[in-house]
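Single-letter residue listing:
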Amino acid sequence: MVAIHPPQTNAEPFEHESRTMKNITRTFACAATLLALLAVPAHAQEIKAGDLVITQPWSRATPGGAKIAGGYLTIENKGTAPDRLTAVSGDIAGKVEIHEMAMNNGVMTMRPLDKGLAIEPGKTVKLAPGGYHLMLMDLKNPLKQGEKVPLELQFEKAGKVALSLDVQGVGAQAPAGHSDGPHGMKK
Ligand SMILES: [Cu+2]
């Protein structure tokens, strides 16, 4: 004879279960995102210089006769001493400055970092739209999507580092394969 147990479960365990399902769904979504990210490094650059690892240098196509463009990249300092990005140059631009963006009385402004950009040990500094960026000025040619723009970065300790910015579309907010969506300037 089969003992019939009264259902010991009320609404709560069900809710718990559905929450678990949600977590599982989320895990799958994350795995899918991860796979999408893993697909990127095939053509993503990773440049090592001393204790620094530089990834995802990119820029945006310039519309019309624009003479300036932003340059973006991620710099990680795996060492134990601070380093500093002090200068940048490239044939494409008459001049390259290192800029920061800041809110000034509710207006987004940018200014050159005269002493360069510090990369503290164990930290990762991301140059991205709405934040720190390289400012390519007096462009000799417009930047076209799909192009690579060679630059030379000068670090205090790591020395000279050559890399190329991958040029994305005019409205791109992140390097190819990343869809962080717009940030920074929209705040
Ligand atoms: Cu700028």
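Cut-off values and rules
- Residues numbered from 1 in each chain as written.
- Predicted model: local features only at pLDDT ≥ 70, side-chain atom pairs only at ≥ 80, totals over all residues.
- Heavy atoms only, no water.
- Helix = DSSP H or I, 4+ residues; strand = E, 2+ residues; numbered from the N terminus.
- Buried < 20%, exposed > 50% of the residue type's maximum accessible area, 1.4 Å probe, protein only.
- Contact = heavy atoms within 4.5 Å.
- Areas by Shrake-Rupley, 256 points an atom, 1.4 Å probe, with all protein chains shown as cover.
- Donors = N, O, S within 2.8 Å, 3.2 Å for Na, K, Ca; no water.
- Tetrahedral: all angles 85-135°; square planar, octahedral: opposite > 155°, others 65-115°.
- Salt bridge = Lys/Arg side-chain N within 4 Å of Asp/Glu carboxyl O.
- Core = buried A, V, L, I, M, F, W, Y, C linked by side-chain atoms within 4.5 Å.
- Phe/Tyr/Trp six-rings, centres within 6.5 Å; stacked < 30°, edge-to-face > 60°.
- Pairing = 2+ DSSP bridges.

(A) Up close: the overall build of the protein chain. For the protein chain, the helix and strand inventory stands at 1 helix and 11 strands. Reading the helices (α) and strands (β) of the protein chain from amino to carboxyl end gives α-β-β-β-β-β-β-β-β-β-β-β. When burial is assessed residue by residue, the protein chain has 35% of its 187 residues classed as buried. Restricting the contact set of the protein chain to residue pairs at least 6 apart, pairs at least 24 apart contribute 66%. A total of about 11,700 Å² of accessible surface is found on the protein chain, and carbon and sulfur atoms cover 57% of it.

(B) Representation of the coordination of the copper ion in the model. At 2.1 to 2.2 Å from the copper ion lie its protein donor atoms, namely His99 (ND1), Met110 (SD), His133 (NE2) and Met135 (SD). Geometry at the copper ion is tetrahedral, judged from its 4 donor atoms and the angles of 99 to 116° they form at the metal. Linear spacing of the donor residues for the copper ion on their chain is H-x10-M-x22-H-x1-M. Here the residue His99 occupies a position in strand β5 (residues 93-104), and Met110 occupies one in strand β6 (residues 107-112), the gap between them amounting to 11 residues. Given the relative accessible area of 38%, Met110 is considered partly exposed.

(C) Structural context of the pattern of salt bridges. Inspection of the entire model under this criterion finds 4 salt bridges. Between Glu97 and Lys95 there is a salt bridge, with the nearest N and O atoms lying 2.9 Å from each other. Take Glu97: its relative accessible area is 15%, and that puts it in the buried class. What makes Lys95 partly exposed here is its relative accessible area of 44%. Where Lys148 meets Asp166, a salt bridge forms, and the shortest distance between an N and an O atom there is 2.3 Å. Taken together, the residues Lys148 in strand β10 (residues 148-155) and Asp166 in strand β11 (residues 159-168) connect sequence positions 18 residues apart. On the basis of relative accessible area, Lys148 is assigned to the exposed category, the value being 52%.

(D) Structural detail: the nonpolar core. Ile54, Ile75, Leu85, Leu134, Leu136, Leu153 and Phe155 are the most contacted members of the largest nonpolar core, which totals 31 residues. When near neighbours in sequence (up to four residues on either side) are disregarded, Phe155 contacts Leu52, Ile54, Ile75, Asp83, Arg84, Leu85, Thr86, Ile119 and Val161.

(E) Expanded view of the packing of aromatic side chains. Overall, the coordinates contain 1 aromatic pair when judged by the stated rule. A centroid spacing of 4.7 Å and a plane angle of 40° characterise the contact between Trp58 and Tyr72, whose relative ring orientation is tilted. Linking Trp58 in strand β2 (residues 52-60) with Tyr72 in strand β3 (residues 69-77), this pair joins segments that are 14 residues apart in sequence. Neither residue differs from the other here; Trp58 and Tyr72 are each classed as buried.

(F) Structural detail: the pairing of β3. When you tally the buried positions in β3, you get 8 out of 9 residues, the bulk of the element. Pairing of β2 with β3, which is carried by 6 bridges, proceeds in the antiparallel orientation. The residue of β3 that forms the bridge with Ser59 is Gly71. In this sheet, strand β9 (residues 133-139) lies alongside β3 in antiparallel orientation, the contact comprising 3 bridges. Directly across from Gly71, in β9, lies its bridge partner Leu134.

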